[in-house]
Structure formats: C-alpha cells, structure tokens
Number of protein chains: 2
Amino acid sequence: MLFRSLLSSAAKPRSPQPLAAAVLLRQLGTMAAAQAAPAAGSQREAFRVAVTNTLERRLFYVPSFKIYGGVAGLYDYGPPGCAVKANVLAFWRQHFVLEEGMLEVDCPCVTPEVVLKASGHVDKFTDLMVKDEKTGTCYRADHLLKDFCKDKLEKDNTLSPEKTSELNHILAVLDDLSAEQLGAKIKEYGIVAPDTKNPLSDPYPFNLMFQTSIGPSGLSPGYMRPETAQGIFVNFKDLYYYNGNKLPFAAAQIGQAFRNEISPRQGLLRVREFTLAEIEHFVDPEDKSHPKFRDVSSLEFLMFPREQQLTGKSAVKLNIGQAVSEGTVNNETLGYFIGRVYLFLTQLGIDKDRLRFRQHLPNEMAHYAADCWDAEIECSFGWIECVGIADRSAYDLRAHSDKSGVALEAHEKFAEPREVEKFVITPSKKELGLAFKGNHRMVLEALEAMSESEALNMKSALESKGEVEFKVCTLGKDVTIKKNMVSINMEKKKEHQRKFTPSVIEPSFGIGRIIYCLFEHCFYQRPGKAEDEQLNVFGFPPLVAPIKCTVFPLVKIEKFEVVAKKISKALTTAGISHIIDMTGNTIGKRYARTDEIGVPLAITVDNTTSVTVRDRDSKDQIRVEVDEVASVVKEVTDGLSTWADIMWRYPAHTASAAEEEEASET
Amino acid sequence: MLFRSLLSSAAKPRSPQPLAAAVLLRQLGTMAAAQAAPAAGSQREAFRVAVTNTLERRLFYVPSFKIYGGVAGLYDYGPPGCAVKANVLAFWRQHFVLEEGMLEVDCPCVTPEVVLKASGHVDKFTDLMVKDEKTGTCYRADHLLKDFCKDKLEKDNTLSPEKTSELNHILAVLDDLSAEQLGAKIKEYGIVAPDTKNPLSDPYPFNLMFQTSIGPSGLSPGYMRPETAQGIFVNFKDLYYYNGNKLPFAAAQIGQAFRNEISPRQGLLRVREFTLAEIEHFVDPEDKSHPKFRDVSSLEFLMFPREQQLTGKSAVKLNIGQAVSEGTVNNETLGYFIGRVYLFLTQLGIDKDRLRFRQHLPNEMAHYAADCWDAEIECSFGWIECVGIADRSAYDLRAHSDKSGVALEAHEKFAEPREVEKFVITPSKKELGLAFKGNHRMVLEALEAMSESEALNMKSALESKGEVEFKVCTLGKDVTIKKNMVSINMEKKKEHQRKFTPSVIEPSFGIGRIIYCLFEHCFYQRPGKAEDEQLNVFGFPPLVAPIKCTVFPLVKIEKFEVVAKKISKALTTAGISHIIDMTGNTIGKRYARTDEIGVPLAITVDNTTSVTVRDRDSKDQIRVEVDEVASVVKEVTDGLSTWADIMWRYPAHTASAAEEEEASET
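An unreviewed UniProt entry annotates chain A as glycine--tRNA ligase originating from Leersia perrieri. Here chain A is described in UniProt, under the heading Subcellular location (unreviewed entry), as follows: "Cytoplasm".

Following this line, the structure appears as structure tokens:
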C-alpha cells in the first residue's frame, strides 16, 4: 500500500534534488538548444506546456466532464492515452504476472468499513486541512505552509541567515508536523487563504476516502478502496491454499483506487481516481532469499540509499547484487523486485538516467516496515514517486487476523518432528476460585494470555518474593498473584510443524504517474521547414505506442486506396493496431500528425506492388513489397527486430523533392 | 445504457420460455444421463450446485471479504476467474475496438451529480422498496409480489381458473406496476416480510446509485457511475473532432459500474459492482446503413421478435440480412451489431442453441428508442440478458446538450449549397408592445419558439379567423394573437450544411454475466473410474481458458524436472500462460485437477527428448519433441490449428496400463 508515501508531497522536500542542467537539456530536447537559456524553472514550465498541450490536443487525456466545467483531479484517457494505458498494463501482466507465475485477483472497489478499519485507513488515512473562515474553501495545511516558505526563500532578499535556515528546516520536516505544530506556524507567519486573504481555521484531519453506504438500509458504511492491496490480504487463506500451501508466492491485482484529495494539483500526478497495479509477495520471514535473484543481481542503476540522503549526497550508481550483499537493501526478495521494476520501467521507455530508487528515511517508514524503496522518476514536476517497493513484514495479515478472528498464517511441516522448549502456564483453578470468587475466570484468562517475557518475569518474581501484582485488563485493576495460584515451567515438546505469519513484500505501481512520466520522457521537438516551426514527436517504443502503424495512400486515387485497404486488412489479421488516413492532406502533414501521437511506422502507398515504410525517429524510409509489409511491421512492433535490423534487408527509399517540400507544409 | 432493461428482472416474466428437456439434458451433461430424471427445477438446481461448487472451490470466484462474513452482491475473481475475464476483455478489444477501428476511452467512476441529473439517473434510476416495519430490513417490492404469485401458482392446487389467470397476469405486467399498484396488491394478498412475517411499509422508490461527496467541502454530491456510457456522451464533441468531424464512428469503454441493489441474488448475475463494456456508435439518423453489413448478413441464429412474443410463439432461427430487409430489425447498423455480438459470444464458447436475440416489447422501450434487442443466454437461472443492443436515437446527446449548453451535434457539408424552404416567423415588436405592454417579450419569445406545425396551424387560423388564442407558458395563460402581430411565411434559403444530432446505437455488454453463462455452458462432468465418481471439466475454448497448458514431470526425478523447466521457459517466451506441477500426485489426479480449471492441453514429461501432449476433452495423447512442444501448444492456443489438425501430424501416445490405473485414483 502506497499509504504513507503517497500522502506526502510527490516532490519530496526531504531529498531536494534540483534538476541538473544536463538533465534539463535532455528533457527540453531541441527546444532548449534552439532558445536562449532562461531560468531552469521557466524552461521546465515551457517544456511541460509543450507536452501537455500536445497531450490534450491529441486527446491522450482531457479533464473529465469538460462540458460541465470539469471536476478537479478527474481525467479521461482519450483514444491514444487509453491505448498507451492498455499497452502498459498488458506488459505489466506479461513481465510480472506471467513471468513470475503470480496469482492475479480482481476485487471490488466498494469496501465495507470493517476492512478499512482493520487496515488503519478509517482512522489514519487523513490529510490536515484548513478552511477559509468566511467562504468555507478548503486547503491542505501543509501545502499552504510549504508554498509560504518556498515563496519567502525565493523572493525575499532581506531574510536573515537564521530565518532562511528556519524556513529550510520547516520544508525538511513538513511531513512530520502535527496539526498543532502546523496551526502554530500558520498563525505565526500570518498565512491567510490564498484566494480571498481571509483568516484560516485551525488544521484538522480530513479522511481521504470517498465514503458511501452499502445496501438500502443506510446502516452499512462503505468506502471506495484507497488501494487494491486489502483485497489480496483478506484472501490470503484461500490463495495460500490455491498455491498448494506453499511459500513464497505472490498475488497481484490491477484496479481502480480512489482518494478524495483536498486540492488536487499537478495534472495526472495527483488525482482522485487512478489505476494501481499491486503485488503482494508472501514470504517466510526467516528466509527472504529469492531463487531468481541472480537473474537481476548484475544490474546497475541509480540508487539513493538513506546514508546518501542524510549526508546531503546525490544518488549513486550501484550494483543491486552488491547492494543486497552489503546490507544496503534489506533482503534478496526486495532486491529482486527492485531489479525487476528497473527492467519494467526502462523497457517501457523511461530514461534510466532520470530514474532512481530512493530508500525511505526512518521517519518515513511505518514502525513495522523492514525496508522501503521508491522508484522515483524525474519529470518537469521534480522527482515523482511512481512505484513503492516495501517490505511490510507481517503487519497487514496480523491486522486482519486480529480483526476477523481468522488465522492468516502459514505452516512449515518439519521433515522430522523437532524438540522445542516452551513456557507452559498452568493456573490453578481451585486457588484462583478461592481467592477471586466471581472474578476468577478473568484472572485465569489473563494469566494464560501472558507473553513469554511476562511469564518469565512473573516466574522469577514468584520465586523470589512469593507473590506479585498483576494487571488484569478485563477487571481494570491489579490483583495479587501468589505462588500456589499458577505454575510456570519450561517444558520440552515435540513439534511437527512451525506456524507463522508470512512477511509481505509489496511493489505498488501508480500506473497514471508512470504513464505521465513516460509521456514527458518520450516527447521531443524537432524543427520543421518553416522558420521557428517546431514539430512535436512522441518517441514511444513500439511496445507502448498507442497505434503501431499508419497507412496513407500517397494521392487520392482508387488503385492506391485498394492497396491501402488490403494492407489494413493484413494488419488487422496480424493484430496490429493502425489507422488508415485517406484524407487528401499532404504527406508531410500526415507524417507530422502521426509523429505527434507517437506512431513508430508509417506505410505510404505510392505504388501497387511495393510501398514506402518510414521510421518515425530517424525518418529513414525503405521499400517493401505489399504482401510482405504487415509481417515486417509486426516484426518491429512485436520487438523481434529493431528498425536498424530491418533497414539492412530492404532498399532505401529517397524522398523526392516534392515530398520534402510537402513536409514543410505542416 | 442497460438502463431500463437491467432494472427489470433478469428472467423476464413476459417471455416465459421453460427450459426444454433437450436443452436441460445438454446442460446437465452426463450427470443427467446418469441419474434418474427428477423434476426439471431440481435438476437445474443440482447442475448449478455442481458448477458453482467447482467454481468456488477452484477460486474462479469467491464472495468478497469472506473473512468478515462477506457483503451481498460483491464477488472477487480469483486467479482462474481473473484470467478468464482478462481473456474475454482482450478478445472484446480485438473483435470490436481493433477490427472496427473504434475510439476507446477510459473515464472515471466518480461522477458529479449534474451529469447523472442530465442522463435521468438521479431522478429515475430507482427500484421500488418495502421495509419490514419492525426490523427495517429492506426488500424489492416486485420480488416479493413475484415470489408470492409463483409460489401460489406452483403449490396451491385449490386455485380457481380466475385466480390463476389473475396471478399470471400480474407476473406478465410486473415491471409496469406503479408504486401504488404494487402496494395495493401486497396489501390485498397479505404479503408480509419473508424473514419475520412482520407487516411491510408501502413501496417507495430507492435510488440504486452509490452516493458520495467529491472534495472536502461536502457540497459537491457525486455518484459511482451506474454505467460507462455517459463518459462517452459528454466527450462527443472531442471524439467527433478526433475522428476528423466525420460520421459514423464508434467510441468504446470498458470499466467498472456500480448499482446499490436492494437485495442482490443469483450470484454473479446481479451484483453491486460489475464490469461493463459499452460501445456508442454515432450515426446520421437519415442514413443508418452500415458499410460492412454484408460481412454478417448471411448469419442465421435464434431471434425472438416482438411479434413472436406477443403471439405466444417461440424464438425462431432467422437470417439477419432478411430480418433487416423485412424490417424486423430497424436498420442495418443495428443488424450489423447483432451479427457481430453473435459472433463474439459464440467464439467465446457460448452455445449457439442457448443464445437468442429478443426484441424489446413496446412497453419495455424508452419512448425515444427506435428499436432494442437483447442477447439473452440460457443458463440454470433461465434466459439472462447479457448484452443490450439499442438504437437510442438522439436522446443522450440532446439531454447533455440541453443541460450543459454545449452543442453536441454533427455537420454535413453539402457539395453544392442547397435551396430549402423554411418557415420564417417574424413577430411585429411594435404591435406586440402595444397589445401586451410589459409582457410583450414573453409573447414574442413564445411565438419565435413555435414548431413548424404550430406555426402552420396559427397561419391558417389567422388567415381564416383573423385572430387566435395562443398559450404562453412563461405567462401561464392564453393571449389573443391578431393578424398584424406576426407574419408567418415560407421562405427559400440557401444552406451550405446540415446540422443534426446524431443517433446512437449502443451495444452494452455485462461482462460478469457473460462469464457466468460461459462457465455453465463449458461445464460438464464425466464418469471417473470409481463407482459414482464424477469428474468436473470446464471445456473452455483455448481463447478463454485461464491457463493454456500444464507441465508435469511424470515422476519426481531431476532429469524430468530439468526438461519441465526448459519447456516452461519456452512457453513463457512464447507468451503462453501455464503452470508447472511438480507435486508427486498421480498423473490421473493431476489431469483431473487441470481439467477442472479448463486447461486445454497438458504436457507430461516422461522422457528427456520427447513428451506426451494430452487434449482435455478427447483425452487423446500425442508424442512431440521437447524443442517443438511450445510452438505446437502456441499453434493450438492461438487458434491457428485445432487439436484435430495437430493429431494428424504426430504419433499417438497410448496410455500405459499403469497410467490408466492412476487416472482412477482422483
């Protein structure tokens, strides 16, 4: 569960990592090179505007319910965005579910209160909110304080060194401030409602779950799930049985999750409804090795361990095998998933130099977590947490076990029965009855429920002093236990199996965030023929490209249209998504339109026996026979060959002067 | 939108179609043959119990949140169910979105009130409910009345012919009864709460949408969408532009929908959260021809036109081309989709003899709908509506256009400007001002808003009588219009284009219902070796089978396990979902386990160079080289070859006596 982590601000104040100039230039593509260099912030802004304008204009995504003015934090994926999403999810299924033999499940979004009470969401899944005292408009308290500090630091030249350091300190500890501390700072700095300048209320917690009611009675509160993980935990028993009562195994789920954000911002990065893909890998807490670890152990990539962050250093390139063996990463299974996530993201098209694995600092992690790493991707908004990979120990299964009364545990049968020493607590019913009368049952149960260490303490106290004070919660008071009331002994027992609650290692993917970062990483501009003209290109790998290929008849004549339709039919049979553009636009205009939605290959029908195939990024062209073209396209888009492989095999096609001319008319 | 239709009971009382004995026998498979023939109802019940037991035991689906006692109407798909669902959706995308070049979109489930107010859901998406007056337990009023009537008809031998006919009449008109009529009948028959025998409240409407609140203020009501269609309608303008401002085009969406059912029953068939796949095909209302209609026009299948239903006849096999040309089906586009839905369902594995297309009766259709057909599939619950295919005319786009003020329309540019005759209404401001003073604006607007026929009537009345009474709604009264106050004339105008609101043809698929029916149609039992032993088989086509292939080492020795792992790797590379069963169970037991989750092919590793491949349904076995086996499996599971094609090419493998023996030990 991306629980704590997604609550904290996406661009983490704890690990400030300003965009290096080199990175920025790469991001800005030729645009940066073509322009004078303004401040990094405004360049980043300009790049983002260019990307999002293209995305919205070409219907990758649009604000939902636009004709009614939209709703903050809700977006629709239009046709190309929807296709990219489907491709990302299909690859996720192939890379994780199929290759790792995971058990995929599909649980409802509507969730009864008891489940989210057990998981802690009903009580703790909150953000601190303040209200404009006159208009009632709501704001996130930490956002207002953060904006205030940042603004002061950027614009106020009169700040004393003490003040500067104070404001920086606040930014660093922002996520750890209590409601009282936040409120005190807001008062101290005189922060008011940004829209009206009205005074603000004290901060108070707002639960981020969408609440509803299940059934007609109005008596069964429910919520739209804030994550998919709980559906897996509550099914642990069945899934363990399905897996032949064997560990380790992983379950996976792809589905919608919902968070009623107070004030959504940053476009697709912080939304009220989103697709999560989550894995819960259940493992014996005493053996977190992974049989396939050596498949990833030689990978090297940017990691940002706790140590580096605390000493103010940058992320470093590490070998994952070494990171595990040196203890930087807690265990092999966690390391295996970090490696697999790296492969997943870079194969999608995420730039490996703008991807890092950042370890959670001690104050970010839940008390029960053994170790957590976030895959963070750098985009124009900063470093964005896109995948959380956490070793959550036995927390979730224990929580549901306690609440439901159903044991969620695993067994290890011993080949040979083992002799173990165990404390055995034997209360004397007779003595307890005499001493405590009507209360003796409660005392008896409390004695039996003692932990090993409590029993050990009592044993030694009874042996030394003959009696001991003992708190019985169900009675709400202490009672005096005497030596004759209970015997506590170490006994040897034969055990045939070991029962334990498995640990869970959870890689959790924010699909919308990954897709948005992918959009930015794949986007570039190149000059058109006209002065100052910039053509937009999404350089998607074929794997994620929304449409694999376009088919254009060069001119609007019947014999070319017949060939185009024939090719289209062959592409459909081969399962290749494509569009056929019969408009009379110039070929240059059609290429530009196709580049802008990231179509890797274009087939121009300029002949009835052979056609021109053009590569989006290099703009190279080759000539291929009509009957062969679908299988050539399939070879490239299935990833069996690259364009470079194909180029060798076919004659090059040189664009005529006329075509070149046309290309400038976009 | 499966709006009206899914509200009415799934097993429609209007078209009673008892399961024919022949159908039942096919359903019951060998079970029916092996047993003495009890009443059809209890056989059907027994069959359902056998299917659902297998489904739940093998984790195809389970009640959600089971460890907390579950929630009625919510189910989880476990690993094999989830895989079947993913396969059904992938095929839907291939068959509809890709082959038809549809524009797929992905919109949020959380929907603001204004959208569902415009669509009519806020006011009309209700069921009539009654409450136990003492306990507050809620029931659907029509369900109670229906159960009462059915029970009486089945069990009361003393019913008079009049009473019998009265009860049958109620069952026939149940969906049309008002709250008052339902309440009166419940009183008249003395129907009480089934669980407590307490008296019931009067029926009152309960809105079936899950309500929530968007944002922190509590001032923006929202709902979980009851269908995905609205997300497409509100995006019409952008999608039309995306399609180059051309009609026809279709948009499609797959996603979750939610209905807070009063008392869910019938397992997966009536649930509170479900996956819909919806298509909105936008078309010029003056031209509903379809360019690909001839691709389906020769198909023949069971249809159940209005005429047949009203005259008490059965469904008949019709040719869809003829049904359209004779006007049974309203238009080619509707007919095309009926044909495509038939192909989709039967290719999935739905038995064509238990599939019919039933036309809506006039009282079932919304007033605006041109024609509606439901694909109904017969299962043990009766005939279940699984796909609704409706020509909804311009209703939805007009509703959102009116509410949002954004024109949702299409344009047809004329090649040549056309001369058209139009009524032009020209009120005289001066005369109206003199006559009506302060009210003259309202009269003027009312005159301008007249329809063509109203204007025509006024013109002739003014010409004959010199004056006419005219109702002005905004004034709430009639006024007298005289000849000099308005001129109404036919004028010739040149028009360059035609503006119109497109009609929409909507095929809407209840994916969970289709999957449940598929489970029943694919399930059969065959005798095991032991007396009375019945082995369960899901005879899924490879296309939908959750796992395509299993790999078993015949015995637990290392050299077989090495080969098994090698084959497993080759299958993964080929993208074939499979499991590798290393348990020491007998081969018979392992075959039975694999048959029970519908795996089409099993590879038994009984040699290091060649292996045995076994077909689930025929139990035939062939021998294939280890290096070749992955590609053979792929050929069959991709649908390029059938088992029969493959059988020819490889030597048969005859099971040894030992294996036969083992097969009985399941």
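A. Geometry of the domain arrangement of chain A. Here chain A is partitioned into domain 1 (126-207), domain 2 (414-500) and domain 3 (547-662). The centre of domain 1 of chain A, based on its C-alpha atoms, is set 53 Å off from the matching centre of domain 2 of chain A.

B. Representation of the packing of helix α8 (residues 161-173) of chain B against helix α9 (residues 179-189) of chain B within the structure. Residues and elements named next belong to chain B. Closest axis-to-axis distance for the α8/α9 pair is 13 Å, and the angle between their directions is 145°. Once α8 is placed against α9, the crossing between them reads as left-handed. Here Lys163, Glu166, Leu167 and Ile170 of α8 come into contact with α9, specifically with Lys185, Glu188 and Tyr189. Its residues assigned to classes, the contact of α8 with α9 comprises 3 nonpolar, no polar and 4 charged.

C. Broad picture of the pattern of salt bridges. Counted by the stated rule, this structure contains 82 salt bridges over all chains. We note a salt bridge from Arg354(B) to Asp351(B), for which the minimum N-O separation is 3.0 Å. Like Arg354(B), the residue Asp351(B) is buried in the burial classification. Each of Glu99(A), Glu100(A), Lys292(A) and Arg340(A) takes part in one network of salt bridges that share partners.

D. Expanded view of the interface of chain B and chain A. Opposite the 69 residues of chain B that make contact, chain A presents 69 residues. Where chain B abuts chain A, roughly 5800 Å² becomes buried across the two surfaces, and 67% of that area is made up of carbon and sulfur atoms. The three residues of chain B that bury the most area against chain A are Ile67(B), Tyr68(B) and Tyr242(B), which together make up 13% of that side's buried surface. Across the chain B-chain A interface, the total number found is 4 salt bridges. Measuring nitrogen to oxygen at the nearest pair gives 2.5 Å for the salt bridge that ties Lys85(B) to Asp106(A). Along the contact surface separating chain B from chain A lie 20 residue pairs in polar contact (both at pLDDT 80 or more).

E. Looking closely at the nonpolar core. Trp92(B), Phe344(B), Leu345(B), Phe357(B), Phe509(B) and Phe519(B) are the most contacted members of the largest nonpolar core, which has 141 residues in total. Top contributing element to this core by residue count: helix α14 (residues 332-348) of chain B, with 10 residues. Beyond its immediate chain neighbours, meaning those up to four positions away, Phe344(B) contacts Val88(B), Phe91(B), Trp92(B), His95(B), Phe96(B), Phe509(B) and Ile514(B). Of all hydrophobic cores here, the second largest spans 72 residues; its members include Ile338(A), Val341(A), Tyr516(A) and Cys517(A).

F. Summary view of the relation of the copies chain B and chain A. Of the transformation superimposing chain B on chain A, the axial component is 0.1 Å and the angular component is 179°, with the fit at an RMSD of 0.7 Å. What the rotation and shift describe, once combined, is the action of a two-fold rotation axis. Relative to the rotation axis, the closest C-alpha in chain B is found at Thr212(B), a distance of 2.5 Å.

G. Looking closely at the sheet that holds strand β16 (residues 382-391) of chain B. All names here are of chain B. Reading across the sheet, the 9 strands line up as β3-β10-β11-β21-β16-β15-β14-β12-β13 and stay open at both edges, with mixed pairing between neighbours. Each of the sheet's edge strands pairs with one partner strand only, and the pair in question is β3 (103-104) and β13 (316-319). Relative to strand β10 (residues 249-258), β3 is paired through 2 bridges, and the arrangement is parallel. Across the sheet, the residue bridging to Glu104 is Ala252, located in β10.

H. Representation of the side chain of His281(B). Counting through the fold element by element, His281(B) comes out in strand β11 (residues 273-283). If we ignore the near neighbours within four places in the chain, the residues touching His281(B) are Pro248(B), Phe249(B), Ala250(B), His290(B), Thr333(B), Phe337(B), Ser503(B), Val504(B) and Ile505(B).

I. Looking closely at the environment of Glu113(A). Within the secondary structure, Glu113(A) sits in helix α5 (residues 113-118). Discounting chain neighbours no more than four positions away, the residues touching Glu113(A) are Val122(A), Pro221(A), Gly222(A) and Tyr223(A).

J. Main features of the UniProt feature "domain: Aminoacyl-transfer RNA synthetases class-II family profile" (unreviewed entry) in chain A. With numbering aligned to this structure, UniProt lists the feature "domain: Aminoacyl-transfer RNA synthetases class-II family profile" (unreviewed entry) at residues 73-527 of chain A. Within the segment residues 73-527 of chain A, helix and strand shares are 37% and 31% respectively, and the terminal C-alpha atoms sit 34 Å apart.

K. Here's a closer look at the environment of Met303(B). Residues and elements named next belong to chain B. As for its placement among the helices and strands, Met303 is situated in strand β12 (residues 300-304). Separated by 12 residues in sequence, Met303 and Ala315 place their C-alpha atoms 5.4 Å apart. Non-local contacts of Met303, meaning those with residues more than four positions away in its chain, are made with Ala315, Val316, Leu318, Ile320, Ala323, Val329, Phe357 and Trp373.

L. Inspection of the pairing of β10(B) at higher detail. Residue and element names in this part refer to chain B. Where burial is concerned, most of β10 is hidden: 10 out of the 10 residues are buried. As judged from the 10 bridges shared by β10 and β11, these two strands associate in the antiparallel manner. Looking at the pairing, Ile254 lines up with Ala277 of β11.

M. Seen up close, helix α4 (residues 79-100) of chain B. Residue and element names in this part refer to chain B. In this model, α4 (22 residues) spans 31 Å end to end at C-alpha, consistent with the 32 Å of a helix rising 1.5 Å per residue. For α4, the principal kink sits at Arg93 and spans about 30°. Taking burial as the measure, the 22 residues of α4 include 16 buried ones, the bulk of the element. Taken from the residues just after α4, Gly101 is the one with a positive phi, measuring 60°.

N. Broad picture of the environment of Pro553(A). Residues and elements named next belong to chain A. You can see Pro553 is positioned in strand β24 (residues 549-553). With relative accessibility at 4%, the residue Pro553 sits in the buried group. Taking C-alpha positions, Pro553 is 40 Å from Tyr68, a pair spaced 485 residues apart along the chain. Residue contacts for Pro553: discarding those within four places in its chain leaves Phe560, Glu561, Ala564, Asp581, Met582, Arg590 and Val605.

O. Structural view of the pairing of strand β27 (residues 610-615) of chain A. Residue and element names in this part refer to chain A. In terms of burial, β27 is a largely internal element, 6 of the 6 residues being buried. Here β27 shows a buried face lined by Ser610, Thr612 and Arg614 and a second buried face lined by Val611, Val613 and Asp615. Of the pairings in the sheet, the one linking strand β26 (residues 601-605) to β27 comprises 4 bridges and is antiparallel in character. Bridge pairing in β27 links Thr604 to Thr612. The antiparallel pairing of β26 with β27 creates a hairpin that spans 4 residues between the two strands. Taken together, the 5 bridges between β27 and strand β28 (residues 621-625) define a ladder with antiparallel strand orientation. Within β28, the residue paired with Ser610 across the bridge is Glu625. Connecting β27 to the antiparallel partner β28 that follows it, the hairpin turn spans 5 residues, and Lys619 within it adopts a positive phi of roughly 65°.

Cut-offs applied
Residues numbered from 1 in each chain as written. Chains lettered and ligands numbered in written order. Predicted model: local features only at pLDDT ≥ 70, side-chain atom pairs only at ≥ 80, totals over all residues. Heavy atoms only, no water. UniProt positions renumbered as here; feature names shortened; annotations may be inferred. Domains from an automatic or database assignment. Axes fitted to C-alpha atoms, helices over the stretch in contact; angles between N-to-C directions. Helix = DSSP H or I, 4+ residues; strand = E, 2+ residues; numbered from the N terminus. Left-handed = near helix turned anticlockwise from the far one by under 90°. Contact = heavy atoms within 4.5 Å. Nonpolar A, V, L, I, M, F, W, Y, C, P; charged D, E, K, R; others polar. Salt bridge = Lys/Arg side-chain N within 4 Å of Asp/Glu carboxyl O. Buried < 20%, exposed > 50% of the residue type's maximum accessible area, 1.4 Å probe, protein only. Buried area = accessible area lost by both parts, 1.4 Å probe. Polar contact = N/O pair within 3.5 Å; in protein donor to acceptor, adjacent residues only side chain to side chain. Core = buried A, V, L, I, M, F, W, Y, C linked by side-chain atoms within 4.5 Å. Least-squares fit on C-alpha atoms with pLDDT ≥ 70 in both. Pairing = 2+ DSSP bridges. Expected span 1.5 Å × (residues − 1). Bend = angle between axes of the 7 residues up to and from the residue.

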